[in-house]
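The residues making up each chain are set out below.
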Amino acid sequence: MSGPDPHQVDAGQGGQTLWHGRFEGGPAAELMAYTESLSFDKRLWPDDIEGSRAHVRGLARVGIISEIERDQVLIALDVVANEMESGLFVYLASDEDIHTAVERRVTELAGPAGAKLHTGRSRNDQSATDVRLWCKRELMVIARRVLELQRVLLRRAEDHEGVYLPGYTHLQRAQPVLLAHHLMAHGWALGREIDRILDALERIDVSPLGAGALAGSSLPLDPDGNAADLGFARRFENSLDAVGSRDHVAEALFVLTLIAIDLSRIGEEVVLWTTDEFGFAKLDDAYATGSSMLPQKKNPDIAELARGKAGRVIGDLTGFLATMKGLPLSYNRDYQEDKEPLFDAADQVRLALGAVTGMLATITFVPERMQSAADAESTAATDLAEWLVQRGTPFRDAHAIVGALVRTALQGERSLRALVEEHPELGPDAAALVAPGVSVRRRVTPGGAGPVPVADQMVRFRAELERLAEALDA
Ligand code: ARG
């Protein structure tokens, strides 16, 4: 072919790939456009620089490069970090990914010393290292935001002592529960996500640096020293596994997905509770939206997007699981696909946590509406059956007696309370159970929904938040 191929990256202005030596011409523009990851792995630059610093210090430690060369590279890495931080870094068309961009620029700045940076290293262990560093930092940010949401739930529970609402099963009114109990139910679930993050971090906190492309190196590298330098708990045990596994990314995605689902479920309740039909809560103006056409509307868009975006985060997880399936050892370029779902899930969950936390911190609950719904006579039906049980009636018989009374009451002529009062086995004492606010106080068992166990639960929940806060600070 004569003259420059317009489909190839211009080596003059665009620079060279890291692997140009073995190839006669430059890569096709379509190849670069399709295989590049720079557009999304740019954000790994702080981790790539950290990893490169540790690697170059390791090379000097074992004598592969001199201390002068090490310092030249470290200074160049500082310059690159400044350029990246300030947005002045100039990317070239040949910068396939963040690793290429950093190394290319270090070599421009530090000359022959820079050209030694990649000694004993592959982008396979490098990108695996970057993503693990990124996960460690970002998952901690997310865990702290989860804790913040738990604190808001506790505060709102404390603000509404004694307020009760119907507890639901099948979204049908079942038995009254304290609002505090309902809010803390979400709080406990969120606490388990923090524990899951901390547990996943045990497996994320492993340095792959020193695994090379797949098999380690003939050079006397120091993976243990690199791991310690980077603040990892330990190094990889097996180089093929180090570059050829992403189960830790799947785990991170799984816990992010569970958080997205928790927020989605809270969102669904806020959507229901803020309808005129429920009327259990009113959104603060700052956390609600209007309609472009319907002047009266106040819409729960945060709650809806918490619900809607959970679908996308589930897609991030399931999509990546499908990517992992069937990959032979060790590194395959497929693994480049770990980043977009991971970043997307983390971004979405981080944003959702901020928005939902603000929404719940400012929402106004409407106790009168909650309590009048919970005071519907039939929500005391189980209390009536249990009243009979305490007087010797087998539960199954008691269930049938009360069920028949509820059925009669539903015909509309007599209230359940009147029917109970007249019933030979029940009478006025039992009828008192149907009075407003009585039933919830009878939920007395440990972990139950009434004031006595909920007071105890709040003490335990406060202690749980302290435990989680300490675990996050450890
Ligand atoms: N951008 C790549 C990734 O994220 C870097 C690894 C490329 N390695 C390779 N052998 N082509 O996975």
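### Observations concerning the site of the ligand
Neighbouring the ligand are Ser37, Asp97, His99, Arg123, Asn124, Ser127, Tyr331, Arg333, Gln336 and Lys339. At 3.0 Å from a nitrogen atom of the ligand is found a side-chain nitrogen or oxygen belonging to Asn124. Here the ligand, which alone exposes 340 Å², has 84% of that area covered by the protein. At three residues, helix H7 (residues 123–159) tops the list of elements feeding residues into the shell around the ligand. Of the residues contributing to the shell around the ligand, the split by class is one nonpolar, five polar and four charged.

### Details of the pairing of strand E1 (residues 164–169)
Taken together, the six bridges between E1 and strand E2 (residues 172–178) define a ladder with antiparallel strand orientation. Bridged to Pro166 within E2 is Pro176. Hairpin remark: E1 followed by E2, antiparallel, with two residues in the connecting loop; positive phi at His170, about 55 degrees.

### Describing the packing of aromatic side chains
Per the stated rule, a full pass over the model turns up nine aromatic pairs. Summarising the aromatic geometry, the rings of Tyr168 and Phe278 are spaced 6.0 Å apart at their centres and angled 50 degrees between planes, so their arrangement reads as tilted. Taken together, the residues Tyr168 in strand E1 and Phe278 in the loop between helix H11 (247–273) and strand E5 (281–282) connect sequence positions 110 residues apart. Overall, the relative accessible area of 25% leaves Tyr168 in the partly exposed class. Put simply, the rings of Tyr168, Trp273, Phe278, Phe280 and Phe365 pair up and form one aromatic cluster. Between the NZ or CZ atom of Arg22 and the centre of the ring of Phe23, over which it lies, the distance is 5.6 Å.

### Describing H7
Between its terminal C-alpha atoms H7 stretches 53 Å, which fits the 54 Å expected from 37 residues at 1.5 Å a residue. With respect to burial, H7 is a largely interior element, 28 of its 37 residues being buried. Between the side-chain oxygen at the start of H7 and the backbone nitrogen of Asn124 there is a gap of 2.8 Å, and the oxygen is on Ser122.

### Observations concerning the packing of H11 against helix H12 (residues 301–324)
One way to put it is that H11 packs onto H12 with a least axis distance of 7 Å and a crossing angle of 160 degrees. In terms of their interaxial angle, H11 and H12 are classed as roughly antiparallel. Crossing of H11 against H12: the hand is left-handed. A per-class count over the contact of H11 with H12 returns 19 nonpolar, three polar and five charged.

### So, the nonpolar core
Ile142, Ile259, Trp273 and Leu342 are the most contacted members of the largest nonpolar core, which has 101 residues in total. Here this core takes 14 residues from H7, the largest share from any one element. Look past the residues within four positions of Leu342 in its chain and what remains in contact with it is Val131, Trp134, Cys135, Val249, Ala252, Leu253 and Leu256. By size, the runner-up hydrophobic cluster in this structure holds 22 residues, among which are Ala381, Leu416, Val420 and Leu426.

### A word on helix H20 (residues 451–473)
Spacing of three or four residues puts side chains on the same side of an α-helix, whose turn is 3.6 residues. Taking 1.5 Å as the rise per residue, H20 with 23 residues should run 33 Å; its terminal C-alpha atoms sit 33 Å apart, in good agreement. Those residues of H20 not exposed but buried are Pro453, Val454, Gln457, Met458, Phe461, Glu464, Leu465, Leu468, Ala469 and Leu472. Buried residues along H20 sit against H7, E2 and helix H8 (179–204).

### As for the pattern of salt bridges
Scanning the entire structure with this criterion turns up 38 salt bridges. The shortest N-O distance in the salt bridge between Lys116 and Glu69 comes to 2.7 Å. Here Lys116 is found in the loop between helix H6 (98–110) and H7, whereas its partner Glu69 is found in helix H5 (residues 67–86), with 47 residues between them in sequence. A salt bridge links Arg123 to Glu96, with the nearest nitrogen and oxygen atoms 3.3 Å apart. Placement of Arg123 in helix H7 and of Glu96 in the loop between H5 and H6 is noted, with a sequence separation of 27 residues between them. Here the salt bridges do not stand alone but share partners, grouping Glu83, Asp95, Arg104, Arg105 and Glu108 into one network.

Conventions and cut-offs
- Residues numbered from 1 in each chain as written.
- Predicted model: local features only at pLDDT ≥ 70, side-chain atom pairs only at ≥ 80, totals over all residues.
- Heavy atoms only, no water.
- Near = heavy atom within 4 Å.
- Polar contact = N/O pair within 3.5 Å; in protein donor to acceptor, adjacent residues only side chain to side chain.
- Areas by Shrake-Rupley, 256 points an atom, 1.4 Å probe, with all protein chains shown as cover.
- Helix = DSSP H or I, 4+ residues; strand = E, 2+ residues; numbered from the N terminus.
- Nonpolar A, V, L, I, M, F, W, Y, C, P; charged D, E, K, R; others polar.
- Pairing = 2+ DSSP bridges.
- Phe/Tyr/Trp six-rings, centres within 6.5 Å; stacked < 30°, edge-to-face > 60°.
- Buried < 20%, exposed > 50% of the residue type's maximum accessible area, 1.4 Å probe, protein only.
- Lys NZ or Arg CZ within 6 Å of the ring centre and 35° of its normal.
- Expected span 1.5 Å × (residues − 1).
- Axes fitted to C-alpha atoms, helices over the stretch in contact; angles between N-to-C directions.
- Parallel < 35°, antiparallel > 145°, perpendicular 65-115°, else oblique.
- Left-handed = near helix turned anticlockwise from the far one by under 90°.
- Core = buried A, V, L, I, M, F, W, Y, C linked by side-chain atoms within 4.5 Å.
- Contact = heavy atoms within 4.5 Å.
- Salt bridge = Lys/Arg side-chain N within 4 Å of Asp/Glu carboxyl O.

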